[in-house]
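# Residue-level structural notes
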Amino acid sequence: MSRPTVRLTVAQALVRFLAVQHTERDGARHRLIAGTWGIFGHGNVAGLGQALLEAGEETMPYHQGRNEQAMVHAAVGYARQLNRLSAQAVTTSIGPGATNLVTGAALATVNRLPVLLLPGDYFATRVADPLLQQLEHPVEADLSVNDTLRPVSRYFDRITRPEALIPSALGAMRVLADPVETGAVTLALPQDVQAEAYDWPEEFFAERIWHVRRPAPEPAELAAAVQAVRGSRRPLIIAGGGVHHSEAEPALKAFVEATGIPVASTQAGKGSLRYDHPADVGGIGHTGTAVADDLARTADLVIGVGTRYTDFTTASATLFQEPGVRFLNLNVAAFDAHKLAARTLVADARAGLEALTEALAGHRVDAAYEAGYREGKERWEQVVDAAYRADDETAVPTQTQVVGALDAVVGDDDVVINAAGSLPGDLHKLWRARGPRQYHLEYGYSCMGYEIPAGIGVQQAAPDAPVWSLVGDGTYLMMPTEIVTAVQEGLPVNLVLIQNHGYASIGGLSEAVGGERFGTAYRYRAPDGTFTGAPLPVDLAANAASLGMDVLRAKTVRELRDALATARASDRPTCVYVETDPTPTAPDAEAWWDVPVAEVASREPATRARATYDERVADRRRHL
C-alpha cells in the first residue's frame, strides 16, 4: 500500500518541515525555528526565496538583513534570550554570502547557541561549471566555499539529492535541540537542488516535538560530589552560562542559601544571582572583582556550574593557587565537566543543583568564611560606587561613569548587550545585574559587530524589554548595517555609542605588552608616518541618524543621564552618542591574562614587558 505524498521543491519542503518543529522542556512547548533571516542572490532566490514567499508569514516569518554575519548574530541573540529553546534560520546566496556566515557560525558554536544556516551552493549536476562565484579546486572537484563552515558547525551536510533532505533535516533538528551538541548547524543547498521537485511522504511534515532533557546526576557521582563539598573548608562556586540556559537561577539561589557557599560568575554566567545577594561576589578571573579573585586563590574546592573555564576565567591557569585545590564540575556536557581533572557531575544544571541541595541538607560553610567574603563584597561595592560617581555633572563622562549612568536608568527587565573592546572588562567588574537576562555579554568569541544585530534578536525574543546595545566607535564601524533593519521592523533597540577614537582595549593591552599602542588609534598620520596626529573628524552620530535612528548627543554626565532616560521611554530605535574622557577610571585587573610578549626586542617597552611576563607566567600551574 502506497503512502500519501505531496509534490514540492526541496526548498518548499524544507520550509514546510521547519515550520512544524518544536522543542519541549518542563511541559512548555516552543517553536524550534521561529523565523528565517535572508539575503537573496542567484544561489537562493529561486529556491528558498520562492519557498518563503509561497509559505507566507504565518508559516515561516521572514526577516530581511543587510549583512550575512549580522543575521547570524541576530539569530544567536534571539536563541540566547530564549534559553536555547527556540532558534532562527539564516539563508544566503552562494559565494561571499555564504562565507560571510563563518564568523557568526564560529560565535554560535563557541557559545553553544543554536542557529540553522542554509547557504546556497553550486549546481549539484555541474551542468554549469564553473559557476559565477565558484571556487575551483584543482584536485577536489566537490569542494565549495561552504566547506569553510565545516569546522565551525556542529552538524554539516550538503544536500545533493532531494531525498537526502529527509535524514539530514532530522539530524539537524536533533543537534539544534540538544543542549550538549548544539551550535551552528549547516545544510548547504545546491541551487539546482533547491528548485527540484520531489514526491515527499506526508509524514515528513507531521508535527515533531524534540524533548530537551534534564539529565539527573548519576548516584555514584552525586555521592562523590557531596563528599567533596562536605570535606572542603573554602568552597567557591563559579557560575557559567549553563546556569542561564538551564533556567537554574532559583536552584542556585536555594543551594547557596542552604550552604553559604559564595558564587563568582563568568561573563556568560553573570546574573545567575542578583548582584545584591549576600553570596554574589561578582565576576571572576582577569576581569573579575577583588573579592572573587581572592576567594579563588585560596579556595580548596572550586565548583564549576555550567562553565567552559576559558583563560579569562582561570587567569590563564594562574588563579587557583591553593596547593590542594580540587575541582567539582556540574555540566550537562561531559566534555566540559572533565576539565581541570575535576570530579564530575554530568547533569543538567538545575537538576544537579537541586540534587546537591537535598543531599547536603544541614551542611553549611564556617561562619567566619561567610562573614569574610561578605565583608569583601561590601568593600568592592565601594569600589563600584567610586567608579560610577561623578562629582561634577557638567564634566565629560568617563567610560565607567557611562556605565554608572546606565545602571541608574535600567530596570530589572532591561537587557544590556556587549561583546568586545574595553567595555566587557568594565561591565564584568562593575555591572550590578538585577535579573537573569539583564547581562548579555558575548565573550566566548568576543566578536566586534555583535552588539547591534544581537540587540535586534533579543528585542524580537523579548518585545517588551528595553534593550541596550553598548558599542565603542571601533565596534560600530565594523557593523552598523543592522540599524536599518531595526528601523524597518520598528524595533526600539537603544544604542549607546561611545566615541573614544580608536581601539581602547587593545591600545591598553598593546601598551602593557610592549606594543606602544601601535595601530590602535583612529587619527591622522603624523609627519613621522605614525597614526598620532589629530583625531579623525568622523561623526558617528550623524551616521546613525542617516540610517534612520533617533540620535541624542550627550556632552556631560547630566546630559547623558537625561538622554538615557529619554531613550528608554522611546518606542523608536534610539542612539545615545557620547564622547568620553579617556582618563582610566576602571579598577585595575585583579588577575593576570597570558598574552605572550616578544622574547627579544630592541625597544625598551617590550624589554620591560617581557621581564614582567616572565614573572607572571611562573605562577601558571597544571591542575592534574
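These notes cover the structure that comes with them. (Residues numbered from 1 in each chain as written. Predicted model: local features only at pLDDT ≥ 70, side-chain atom pairs only at ≥ 80, totals over all residues. Heavy atoms only, no water.)

## Examining the overall build of the protein chain
Assigned secondary structure in the protein chain consists of 24 helices and 23 strands. Relative to the 2.2 N^0.38 estimate, which gives 25 Å for 624 residues, the radius of gyration of the protein chain is 25 Å and therefore close to what a compact globule would have. Dimensions of the protein chain, computed from the C-alpha atoms along their principal axes, are close to 75 × 70 × 55 Å. Every one of the 624 residues in the protein chain was classed for burial, and the buried ones make up 57%. Partitioning the intrachain contacts of the protein chain with sequence separation of at least 6 by distance along the chain shows that 76% fall at a separation of at least 24. Of the roughly 25,000 Å² that the protein chain leaves accessible, carbon and sulfur atoms contribute 53%. Across the protein chain, the centroid of the 56 positively charged side chains sits 3 Å from that of the 76 negatively charged ones. (Helix = DSSP H or I, 4+ residues; strand = E, 2+ residues; numbered from the N terminus. Rg over C-alpha atoms; globule rule 2.2 N^0.38 Å. Buried < 20%, exposed > 50% of the residue type's maximum accessible area, 1.4 Å probe, protein only. Contact = heavy atoms within 4.5 Å. Areas by Shrake-Rupley, 256 points an atom, 1.4 Å probe, with all protein chains shown as cover. Lys, Arg positive; Asp, Glu negative; His and termini not counted. Charge placed at Lys NZ, Arg CZ, Asp CG, Glu CD.)

## Some thoughts on the packing of aromatic side chains
A full pass over the atoms with the stated rule returns twelve aromatic pairs. Joined through ring pairs, the aromatic side chains of Phe17, Tyr198, Trp200, Phe204 and Phe205 make up one cluster. Geometry around phenylalanine 205 places arginine 16 over its ring, the cationic atom sitting 5.5 Å from the centre. One residue, arginine 553, lies across the ring of tyrosine 577, its end atom 5.7 Å from the ring centre. (Phe/Tyr/Trp six-rings, centres within 6.5 Å; stacked < 30°, edge-to-face > 60°. Lys NZ or Arg CZ within 6 Å of the ring centre and 35° of its normal.)

## Considering the sheet that holds strand E5 (residues 62-64)
What the six strands build is an open sheet, ordered E5-E4-E6-E7-E9-E8; its pairing is parallel. Bordering the open sheet on either side are E5 and strand E8 (155-158), each of which pairs with just one other strand. Each strand axis lies, on average, 20° off the axis of its neighbour in the sheet, ignoring direction. (Pairing = 2+ DSSP bridges. Axes fitted to C-alpha atoms, helices over the stretch in contact; angles between N-to-C directions.)

## Considerations on unusual backbone geometry
Each neighbour pair has its own omega, and for aspartate 129 with proline 130 the value is 5°, a cis peptide bond. By secondary structure assignment, the location of proline 130 is in the loop between strand E7 (115-121) and E8. The phi torsion at alanine 315 lies on the positive side, around 55°, for a residue other than glycine. Relative to the helices and strands, alanine 315 is located in the loop between helix H12 (311-314) and strand E16 (326-331). Look at alanine 315 and you get buried, because its relative accessible area is 0%. Notably, serine 446 is not glycine yet its phi reads approximately 40°, a positive angle. Within the secondary structure, serine 446 sits in the loop between strand E19 (439-441) and helix H18 (451-461).

## Some thoughts on the pattern of salt bridges
Summed over the entire model, instances satisfying the criterion amount to 35 salt bridges. The partner of glutamate 393 in a salt bridge is arginine 561, and the shortest N-O contact between them spans 2.3 Å. Of the two residues, glutamate 393 is situated in the loop between helix H15 (367-388) and helix H16 (399-409) and arginine 561 in helix H23 (residues 557-569); the sequence distance between them amounts to 168 residues. As a salt-bridge pair, arginine 608 and glutamate 604 come within 3.9 Å of each other at their nearest N and O atoms. Here glutamate 604 and arginine 608 lie together in helix H24 (residues 604-617), a separation of four residues that amounts to about one turn. Residue classification places arginine 608 among the partly exposed residues on the basis of a relative accessible area of 48%. Among the ionic contacts, a cluster of salt bridges with common partners joins Asp26, Arg214, Asp348, Arg350 and Glu354. (Salt bridge = Lys/Arg side-chain N within 4 Å of Asp/Glu carboxyl O.)

## Topic: the packing of helix H1 (residues 10-18) against helix H6 (residues 165-177)
At a minimum axis separation of 11 Å, H1 and H6 run at an interaxial angle of 35°. Seen from above, H1 lies across H6 with right-handed handedness. Contacts between H1 and H6 involve Val10, Ala13, Leu14, Phe17 and Leu18 from the former and Leu165, Ala169, Leu170 and Met173 from the latter. Of the residues assigned to the contact of H1 with H6, the class counts are nine nonpolar, no polar and no charged. (Left-handed = near helix turned anticlockwise from the far one by under 90°. Nonpolar A, V, L, I, M, F, W, Y, C, P; charged D, E, K, R; others polar.)

## Topic: the side chain of serine 469
Structurally, serine 469 can be placed in strand E20 (residues 467-472). Relative accessible area serves as the criterion here: at 0%, serine 469 is assigned to the buried category. Those residues in contact with serine 469 that sit more than four places away from it in its chain are Ile417, Glu451, Ile452, Gly455, Val493, Asn494, Leu495 and Val496.

## Here we look at a nonpolar patch on the surface
The grouping of Leu477, Tyr524, Leu536 and Val538 at the surface amounts to a nonpolar patch, some 330 Å² of accessible area in total. Positionally, leucine 477 belongs in helix H19 (residues 473-478). (Patch = residues over 30% accessible without salt bridge, like charges linked within 9 Å, V, L, I, M, F, W, Y side chains within 5 Å.)

## Some points on the pairing of strand E15 (residues 301-305)
With five of five residues buried, E15 is to be regarded as a mostly interior element. Residues Leu301, Ile303 and Val305 of E15 are buried on one face, and the alternating residues Val302 and Gly304, pointing to the opposite face, are buried as well. As defined by bridge partners, strand E12 (residues 235-239) adjoins E15 across five bridges and the pair is classed as parallel. Its bridge partner lying in E15, alanine 239 is registered against valine 305. When E15 meets E16, the two strands line up parallel, connected through five bridges. Within E16, the residue paired with valine 302 across the bridge is phenylalanine 327.

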